[in-house]
Amino acid sequence: MDEMQVDRLVVAAIAPLGLPLWKGVCLEDILPDCYLVYDSDGDTPELYEGDRDIGYSFSRRVHLYIKNWLDPKDIPKIIRKQLRQFGFTISGPAYEIPAKEGYTHIVVSAYI
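Residues numbered from 1 in each chain as written. Predicted model: local features only at pLDDT ≥ 70, side-chain atom pairs only at ≥ 80, totals over all residues. Heavy atoms only, no water.

**Q** Before we go on, may I ask you to explain the side chain of arginine 80 in this structure?
**A** Locating arginine 80 in the fold gives a position in helix α2 (residues 74-85). Put simply, arginine 80 is tucked away with no salt bridge, and the nearest opposite charge, on aspartate 74, sits 9.9 Å away. Beyond its immediate sequence surroundings of up to four residues, arginine 80 is in contact with Ile90, Ala94 and Val108. (Helix = DSSP H or I, 4+ residues; strand = E, 2+ residues; numbered from the N terminus. Buried < 20%, exposed > 50% of the residue type's maximum accessible area, 1.4 Å probe, protein only. Lys, Arg positive; Asp, Glu negative; His and termini not counted. Salt bridge = Lys/Arg side-chain N within 4 Å of Asp/Glu carboxyl O. Contact = heavy atoms within 4.5 Å.)

**Q** I would appreciate a short explanation of the pattern of salt bridges in the present structure.
**A** Close approach of charged atoms allows side chains with opposite charge to pair. Going through the model one piece at a time under the given rule, you end up with five salt bridges. For the salt bridge of lysine 23 with aspartate 7, the shortest nitrogen-to-oxygen distance reads 2.6 Å. Here aspartate 7 lies in helix α1 (residues 3-14) and lysine 23 lies in strand β1 (residues 21-23), a separation of 16 residues in the sequence. Between arginine 60 and aspartate 7 there is a salt bridge whose closest N-O contact spans 2.9 Å. On the criterion of sequence distance, the pair formed by arginine 60 in strand β3 (residues 52-67) and aspartate 7 in helix α1 is long-range, its members being 53 residues apart. Across this residue pair, the class does not change: arginine 60 and aspartate 7 are buried. Several salt bridges converge on common partners, so that one network encompasses Glu3, Asp7, Lys23 and Arg60.

Now the structure itself:
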C-alpha cells in the first residue's frame, strides 16, 4: 500500500458523511459551517528485512471543523466507525484543539 492508496481510503471512508472534505487545508474563500480536512500524521516503516523497509504504517488525522454547535461528539464517532470499516485502527480518543472564528475543531487520529 502506498500513500495515495491510503488517501483514497480516507476519502472513501469519509464520503458517506456528505461533508466537504479537503486534504491539508480548506480551499474555500468562505468557510462552510461544517467541514473536514485530513492530513498525514507521519508514515513509518514497520517491517524490516535486513537493512531495508518492507512495510509501512500510514497515519492520518481527520479534522472536523464545526461552527456554533455545542455538542458535535456524534460526528467523531461516525468518523471513527467509518475509518474502522475501511481497515484503519483508531490511535486514540478524539480530542478538541483551539480553533479560530467560532469553530470547534476536533481531531480523530488513525493508522493503517
